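Here are the chains, one letter per residue:
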Amino acid sequence: MTADGTDTYHIVKSAGRYKECKRTQGVSTTDLVGRMLLMTKSHHQSSLNFSKEEAGEIGVDSSTRSPWTGTSQFLPTTQKILQFSAGKDPNPGDKIVYVAGAYDLFHVGHVDFLEAVSANGQYIIVGLHTDSDVNRYKGANFPIMNLHERVLSVLACKHVSEVVIGAPYSVTADLMDFFKVDLVCHGRTPIMPDVDGSDPYAEPKRRGKFKVIDSASDMTTKTIVERIIEHRLEYELRNKKKEDKEVAVFEAMQRAEQEQASRSQVQPTEEKEAK
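Note that the structure is predicted; figures quoted are calculated from it, not measured.

Caption draft 1: The pairing of strand E1 (residues 96–101), seen in detail. With six of six residues buried, E1 is to be regarded as a mostly interior element. Sheet topology places E1 next to strand E2 (residues 123–128); six bridges connect them, and they run parallel. Its bridge partner being in E2, valine 97 is matched across the sheet by isoleucine 124. Chirality of the crossover, the property in question, places the unit of E1, helix H5 (residues 108–118) and E2 among those that are right-handed.

Below, the structure written as structure tokens:
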């Protein structure tokens, strides 16, 4: 809505070409940009470092921030995950492909990679590393999105069949056997050794089930963060203008309500005088 109260989508609505998609409650792009600019780590998940009192207050206090995420009132539930999940098992004969990573700020580079991976199999499993693992190999305040936020983003991709939440950094024999993995893929990005210095892809390489995929995309999470930090002043000015517009709209709505209320009071008085 503009400052004068006009619906900014009124033209497309009149043409019958408007569709509104429900937002994921608790996930805010404004909050994500703030994490990048402020270089905070408070959104990282640390399930062992919160009190029962803090957890108990989350559902009843709108000002409480979840210990699992930096976004107020975002609580991961099985129902929320099911809304994003395809919920399908592999069909007999499907080739099962496993990929692992952070998939932070899920972007077109990730989509291009997963699309390229899907050409190598019918059932794609994505292993998402924990916040602490991602921070270890990416540093700074990465990941920008915590584990549960990344889960929803990846599940929403049409190329993804299943997600392993908090997958082990090294692809183990147990993991490959459990999911009956036929192929493990990785992109062109450098592979960081595990904490003990070992190759996290040693097992699939030993089995001859490892493949490097070139998606031909140069988009990375780091590129997005660097762009936003570089244009910080522009973002701040844009957000300030947006805030000013919202204030103007709110004031316009209040004025309209007051005028409507005044007219409603005047009308009975005029009718009484006419009698």
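Caption draft 2: Region of the structure containing the packing of helix H2 (residues 29–38) against helix H10 (residues 221–230). Remark: H2 packs on H10, axes separated minimally by 9 Å, with the N-to-C direction vectors making an angle of 80 degrees. Between H2 and H10, the interaxial angle falls into the category roughly perpendicular. The residues of H10 that touch H2, namely those facing Val33, Met36 and Leu37, are Val225, Ile228 and Ile229.

Caption draft 3: Spotlight on the side chain of histidine 110. Mapping histidine 110 onto the fold places it in helix H5. Judged by relative accessible area, which is 14%, histidine 110 ranks as buried. In this structure histidine 110 touches Tyr103, Asp104, Leu105 and Thr221, once residues within four positions along its chain are discounted.

Caption draft 4: How the structure looks around the environment of leucine 105. Take leucine 105: it is sitting in the loop between E1 and H5. A C-alpha to C-alpha distance of 9.7 Å links leucine 105 and valine 154, two positions 49 residues apart in sequence. With sequence-adjacent residues up to four places away left out, leucine 105 is seen in contact with Leu32, Met36, His110, Ile144, Met145, Thr221, Ile224 and Val225.

Caption draft 5: Structural detail: the pairing of strand E4 (residues 183–186). With burial as the criterion, each face of E4 is covered, one bearing Leu183 and Cys185 and the other bearing Val184 and His186. Relative to E4, E1 runs parallel, the two being bridged by three bridges. Its bridge partner being in E4, valine 97 is matched across the sheet by leucine 183. For E4 and strand E5 (residues 210–212), the ladder comprises three bridges, and the chain directions are parallel. Its bridge partner lying in E5, histidine 186 is registered against valine 212.

Caption draft 6: A look at a nonpolar patch on the surface. Taken together, Tyr9, Val12 and Tyr18 make up a surface patch of nonpolar side chains, about 260 Å² in accessible area. Taking relative accessible area as the criterion, valine 12 reaches 35% and is therefore assigned partly exposed.

Caption draft 7: Seen up close, the environment of tyrosine 18. Here tyrosine 18 is to be found in the loop between helix H1 (10–14) and H2. In this structure tyrosine 18 touches Tyr9, Val12 and Lys13, once residues within four positions along its chain are discounted. Side chain to side chain, tyrosine 18 and glutamate 20 meet in a polar contact 2.8 Å long.

Caption draft 8: Examining H5 more closely. Turning to H5, its buried residues are Gly109, His110, Phe113, Leu114 and Val117. The buried residues of H5 occupy an angular sector of 130 degrees when the element is viewed end-on, so they sit on one face. Buried residues along H5 sit in contact with E1, E2, E4 and H10.

Caption draft 9: Highlighting the pattern of salt bridges. With the rule as written, the count across this model stands at eight salt bridges. Among the salt bridges present, the one from aspartate 214 reaches arginine 188, with a minimum N-O distance of 2.7 Å. Separated by 26 residues along the polypeptide, aspartate 214 in the loop between E5 and H10 and arginine 188 in the loop between E4 and helix H9 (202–206) bring together distant segments of the chain. The pair aspartate 214 / arginine 188 is uniform in exposure class, with both members exposed. Among the ionic pairs, lysine 205 bridges to aspartate 199, the shortest N-O distance being 2.8 Å. A residue is classified by how much of its surface remains accessible, and lysine 205, at 40% relative accessible area, is partly exposed.

Reading guide: rules and limits
- Counting of residues starts from 1 at the beginning of each chain's written sequence and follows it residue by residue.
- Thresholds applied to this predicted model are a pLDDT of at least 70 for local features of residues and 80 or more for the giving and counting of side-chain atom pairs; totals over whole chains, interfaces and linings are not thresholded and use all residues.
- Where side-chain values are given, they derive from all heavy atoms of the structure, hydrogens and water being excluded.
- Burial classification: accessible surface area is computed with a 1.4 Å probe over protein chains only, and a residue below 20% of its type maximum counts as buried, one above 50% as exposed, and the rest as partly exposed.
- The way it works is that DSSP assigns letters per residue, a run of H or I at least four long becomes a helix, a run of E at least two long becomes a strand, and they are numbered from the N terminus.
- Pairs of strands are assigned from DSSP output, requiring at least two bridges between the strands.
- We call a crossover right-handed when, viewed with both strands directed away from the observer, the connection leading from the first strand over the helix to the second proceeds clockwise.
- Inter-axis angles, ranging from 0 to 180 degrees, are taken between N-to-C directions of lines fitted to C-alpha atoms, where helices are fitted over the stretch in contact.
- Note on angle classes: values under 35 degrees are labelled roughly parallel, values over 145 roughly antiparallel, values of 65 to 115 roughly perpendicular, and the remainder oblique.
- The contact rule is simple, with two residues in contact once any of their heavy atoms fall within 4.5 Å.
- In this analysis, a patch consists of residues with relative accessible area above 30% that form no salt bridge, clustered at 9 Å for like charges and at 5 Å for the nonpolar side chains Val, Leu, Ile, Met, Phe, Trp and Tyr.
- Computed with a 1.4 Å probe, the accessible areas rest on the Shrake-Rupley method; for each residue, only the protein chains presented here act as cover.
- Any carboxyl oxygen of Asp or Glu that lies within 4 Å of a side-chain nitrogen of Lys or Arg is treated as forming a salt bridge with it.
- Here a polar contact is recorded for every N or O atom pair within 3.5 Å, except that within protein the pair must consist of a potential hydrogen donor and a potential acceptor, and residues adjacent in sequence are included only if both atoms are side-chain atoms.
- What the arc covers is the set of directions going from the helix axis to the C-beta atoms.

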